[in-house]
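# Understanding the architecture of this molecule
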Amino acid sequence: MAAVCLVFFLAVALAATGGGEAALVEHTFVVSQIKINHLCNDTLVTVVNGQLPGPAIEVTEGDSLVVHVINKSPTGLTIHWHGVKQQLNCWADGPGMITQCPIQPNKNFTYRFNVIGQVGTLWWHAHVGFLRATIHGALIIRPRSGPNSYPFPKPDKEIPIVIGISQDRAPRRTLKSSRIYEDWPRSPTINGMLGDLSNCSGVIEDNYILNVKRGKTYLLRIVNAAVHEEYNLKIAGHKFTVVAVDANYVKPYTTDTIVTASG
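Residues numbered from 1 in each chain as written. Predicted model: local features only at pLDDT ≥ 70, side-chain atom pairs only at ≥ 80, totals over all residues. Heavy atoms only, no water.

## Concerning the overall build of the chain
Helices and strands together make up the secondary structure of the chain, namely two helices and 15 strands. When burial is assessed residue by residue, the chain has 42% of its 263 residues classed as buried. If you take every contact in the chain between residues at least 6 apart in sequence, the share linking residues at least 24 apart comes to 67%. Approximately 14700 Å² of the chain is accessible, and the part contributed by carbon and sulfur atoms is 56%. (Helix = DSSP H or I, 4+ residues; strand = E, 2+ residues; numbered from the N terminus. Buried < 20%, exposed > 50% of the residue type's maximum accessible area, 1.4 Å probe, protein only. Contact = heavy atoms within 4.5 Å. Areas by Shrake-Rupley, 256 points an atom, 1.4 Å probe, with all protein chains shown as cover.)

## Some remarks on the sheet that holds strand β3 (residues 57-60)
Strand order in this open sheet of four strands is β3-β8-β7-β5, and the pairing throughout is mixed. The outermost strands of the open sheet, each flanked by one partner alone, are β3 and β5 (79-82). Going across the sheet, the axis of each strand differs from the next one's by a mean of 25°, ignoring polarity. (Pairing = 2+ DSSP bridges. Axes fitted to C-alpha atoms, helices over the stretch in contact; angles between N-to-C directions.)

## A closer look at unusual backbone geometry
For the bond running from leucine 52 to proline 53, omega is 0°, close enough to zero to count as cis. Residue placement: proline 53 occurs in the loop between β2 (41-48) and β3. For leucine 88, which is not glycine, the phi torsion reads 60° and is therefore positive. You can see leucine 88 is positioned in the loop between β5 and β6 (108-114). The phi torsion at asparagine 191 lies on the positive side, around 50°, for a residue other than glycine. The buried category is assigned to asparagine 191, whose relative accessible area is 17%.

## Re the pattern of salt bridges
Under the criterion given, the structure shown has five salt bridges. Arginine 142 is paired through a salt bridge with glutamate 58; the nearest N and O atoms lie 3.0 Å apart. Residue arginine 142 is found in strand β8 (residues 136-142), and its partner glutamate 58 is found in strand β3; the two are separated by 84 residues along the sequence. We classify glutamate 58 as partly exposed; its relative accessible area is 42%. In this structure, the salt-bridge partner of aspartate 63 is arginine 144, at a minimum N-O distance of 2.7 Å. Here the residue aspartate 63 occupies a position in the loop between β3 and β4 (64-71), and arginine 144 occupies one in the loop between β8 and β9 (157-166), the gap between them amounting to 81 residues. For the pair aspartate 63 and arginine 144, one class covers both residues: buried. A single salt-bridge network, built from bridges that share partners, covers Glu58, Arg142, Glu158 and Arg221. (Salt bridge = Lys/Arg side-chain N within 4 Å of Asp/Glu carboxyl O.)

## Side note on the pairing of strand β10 (residues 187-190)
Alternating positions in β10 separate cleanly, Ser187 and Thr189 being buried on one face and Pro188 and Ile190 remaining unburied on the opposite face. Bridging between β9 and β10 involves four bridges; their strand directions are antiparallel. The residue of β10 that forms the bridge with isoleucine 165 is proline 188.

## Thoughts on the sheet that holds β2
Ordered by their spatial adjacency, four strands build an open sheet running β2-β1-β4-β6, and the pairing between neighbours is mixed. Across the chains shown, the open sheet's two edge strands, defined by having one partner strand only, are β2 and β6. Sheet twist, expressed as the mean angle between neighbouring strand axes with direction ignored, is 20°. In the sheet, β4 pairs with β6 via seven bridges, with the strands oriented antiparallel. Looking across to β6, one finds that histidine 68 is bridged to threonine 110.

## Details of the packing of aromatic side chains
Tallied over the entire structure, the rule returns seven aromatic pairs. Ring geometry for phenylalanine 109 versus tyrosine 111: centroids 4.8 Å apart, planes at 70°, classification edge-to-face. The partly exposed category is assigned to phenylalanine 109, whose relative accessible area is 31%. Owing to a relative accessible area of 0%, tyrosine 111 belongs among the buried residues under this scheme. Each member of the aromatic cluster is reached from another via a ring pair, and the members are Phe29, Trp81, Phe109, Tyr111, Phe113 and Trp124. (Phe/Tyr/Trp six-rings, centres within 6.5 Å; stacked < 30°, edge-to-face > 60°.)

## Some remarks on the confidence of the model for the chain
When pLDDT is averaged across the chain, the result is 83; 80% of the residues are at 70 or more. Throughout residues 1-18 the model reports pLDDT below 50, and contacts reaching past four residues in sequence, or to other chains, amount to three contacts. Note on residues 173-181: pLDDT under 50 across the span, and 12 contacts to partners over four residues away in sequence or across chains. (pLDDT = per-residue confidence, 0-100.)

Shown next as structure tokens:
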């Protein structure tokens, strides 16, 4: 009985000092295949909720996250919550054939876990084969005490930037190739868009355009969702102030180039 009372007291104390009550954040991921046309090729890709990149998940530190995965694709898969510490939730981590068997076609699975002791930008992705090339999205963890608690000036706006890849063929075909590195992409993407360097048909591909205002501060939540590639990110005529890496605050430093590794 004493142990039960102690646990209850700790829970009450955490809620009282945490800057607000924890919430239950719930999402549904419907995994299916869609056809996209990039670089003059129609490619059948597997995505979540019909979009690439997939939906960004936003939680507050201390929340419980529930994600229902409905697999309408022809491929077994899992979802991994990249960088989440999974304290007492290791069974929800998502690596296929490690913490769970893949979710088979026409089957469902629900992930339930708490997001504790982390603030910042992480991401989620498929963890079977190379499906993560098209099944991925940002996971944003906000501080329990609000944006005014950032150890840097509060930004005027926050924007997820997901760097991905565009391939000639679907990742599942690549996985069956004789060489694992035959998946080299033809072009990187920003938030699913190729940009005006790609005009194989004479029609320029759509750019990702971020409208900004002079004098405003923007917090870019950058995720490299490519399979293997590193990318250097620059904005012409501007510099970045790096304030966090992998959901950890760092001593702010200024640079004109951000090097992002896969994952």
